[in-house]
Amino acid sequence: GRMKPVIVVHGGAGCIFKEREKGSRAGVVRAALQGYSILKRGGSALDAVEEAVGSMEDDPHFNAGCGSVLNEKGEVEMDAIIMDGKNLDSGAVSAVKCVANPIKLARLVMEKTKHMLLTDRGAHLFAQAMGIPETPGEKLITERSRERWKKNLEPDSNPEEFQKDLGTVGAVAIDSEGNVACATSTGGLSNKLIGRVGDTACVGSGGYADNHSGATSTTGHGESIMKVVLARLVLYHMEQGMSPEMAADTALDYMKTRVGGLGGVIVVNNSGEWAARFSTKQMSWATVKDDWLHYGISAGERHTKSVDEALTSESEGF
């Protein structure tokens, strides 16, 4: 039968600074609307999540693509993953530089190679082979990322303090055929060691999609997420009969009590129910279902607009 398509996106869990809330909110709404328009035309969940994440990679408000945080040497190194719930195919890249949209590269890894994850130099060579234009590193670096990097280099600095405003981006969707997909992309942790790979590029941690249960994308403290394989854990709870919301809360709660980690997840199950849950102070999120847009940042915050109204107000700038 024909499913009603649904898309959910997140712009990262953490503590979103007041002056960035508006841009963060607008960014997730724009991404959700763009992904939904693909689904609405009968497009695939895979195309929808790639488009939504690509839109947030291009938005300097988020720690992905342009606007990514810098590693210890002051460079951008990005991770991304995409997964197809139909056959469990997945593609990921880690520690990539000079690519504007790592999520597009991840999709190519999935479709044009027999592998699931390419890293650093290998990912770079593959991007060249695929004819992806090189984006100079400086183009991806915002004033804000550089400022933060400098602050974190000071001897008495505590990078953890700044880690709160994380901003990994992600999307999950179900299309009219009932296929699910997920996509996640990030610049990682500020002032991380060179070559650090976080949860985002790891299948089951940064995201997971399986038509038998649903799809999920995660955000938060990468090392904690990896310890509990958070994305897969959420789906496991749904397989045990939990609703998306309950599954998300149970998994996040486990991560908090077991390893002291905070984060957020977005979920869609194979019948089109969705959730956006987080244990951090905030997480920007947006979803579109039945031509209604819902979005929020803080706990309990939920705005609702019709898609038509949202598209009109978006063209006028929120």
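Residues numbered from 1 in each chain as written. Predicted model: local features only at pLDDT ≥ 70, side-chain atom pairs only at ≥ 80, totals over all residues. Heavy atoms only, no water.

**Considerations on the UniProt feature "active site" (unreviewed entry) in the protein**
We apply this condition: UniProt positions are given in the numbering used here, feature names are shortened, and annotations may be inferred rather than shown by experiment. Numbering of helices and strands runs from the N terminus, with a helix taken as a DSSP run of H or I at least four residues long and a strand as a DSSP run of E at least two residues long. Here's how the labels work: a residue is buried when its accessible area is under 20% of the maximum for its type, exposed when over 50%, partly exposed in between, all with a 1.4 Å probe on protein chains only. In this description, contact between two residues means that some pair of their heavy atoms is separated by no more than 4.5 Å.
Mapped onto the present numbering, the UniProt feature "active site" (unreviewed entry) falls on Thr168. Looking at where threonine 168 falls in the secondary structure, it is placed in the loop between α7 (159-162) and β5 (169-174). Overall, the relative accessible area of 7% leaves threonine 168 in the buried class. Aside from chain neighbours lying at most four places away, what touches threonine 168 is His10, Gly11, Gly12, Asn63, Thr184, Ser185, Thr186, Thr200, Thr218 and Thr219.

**Regarding the side chain of serine 145**
The condition is simple: In protein, a polar contact requires one atom able to donate a hydrogen and another able to accept it; more generally it is a pair of N or O atoms within 3.5 Å, and residues adjacent in sequence count only if both atoms are side-chain atoms.
Along the polypeptide, serine 145 turns up in helix α6 (residues 143-153). Among the residues examined, serine 145 registers a relative accessible area of 4% and is labelled buried. A distance of 3.0 Å separates the side chain of serine 145 from the backbone oxygen of serine 68, its partner in a polar contact. If we ignore the near neighbours within four places in the chain, the residues touching serine 145 are Gly67, Ser68, Val69 and Leu70.

**A few points about the nonpolar core**
Stated formally: Throughout this description, the term nonpolar core refers to a set of buried Ala, Val, Leu, Ile, Met, Phe, Trp, Tyr and Cys residues connected via side-chain atoms within 4.5 Å.
Of all hydrophobic cores here, the largest spans 52 residues; its most connected members are Ile7, Val9, Ile82, Ala286 and Val288. Element by element, the count of residues in this core is highest for helix α1 (residues 18-40), at 8 residues. Those residues within four positions of valine 9 in sequence are excluded, and the remaining contacts are Val28, Ala31, Ala32, Ala52, Met56, Gly170, Ala171, Ile266, Ser284, Trp285 and Ala286. By size, the runner-up hydrophobic cluster in this structure holds 34 residues, among which are Val6, Cys182, Ala209 and Trp285.

**Here's the deal with the UniProt feature "binding site: substrate" (unreviewed entry) in the protein**
Filter applied, for reference: Cavity and pocket criteria rest on a 1 Å grid covering protein atoms alone: a 1.4 Å probe that fits but cannot get out defines a cavity, protein on both sides within 12 Å along at least 5 of 7 lines defines an open pocket, and an atom within 4 Å of a point defines a lining residue.
Mapped onto this numbering, the UniProt entry gives "binding site: substrate" (unreviewed entry) at Arg196, Val197, Gly198, Asp199, Thr219, Gly220, His221 and Gly222. Considering only the residues just annotated, the second largest cavity is lined by Arg196, Gly198, Asp199, Gly220 and Gly222. Along the chain, arginine 196 falls in the loop between β6 (180-186) and β7 (207-210). In this fold, glycine 222 is placed in helix α8 (residues 222-228).

**Details of unusual backbone geometry**
Within the chain, cysteine 98 stands out as a residue other than glycine whose phi angle is a positive 60 degrees. If you trace the backbone, cysteine 98 turns up in the loop between β3 (89-96) and α3 (102-112). The phi angle at aspartate 120 is positive, at roughly 40 degrees, despite the residue not being glycine. Topologically, aspartate 120 is positioned in helix α4 (residues 120-129).

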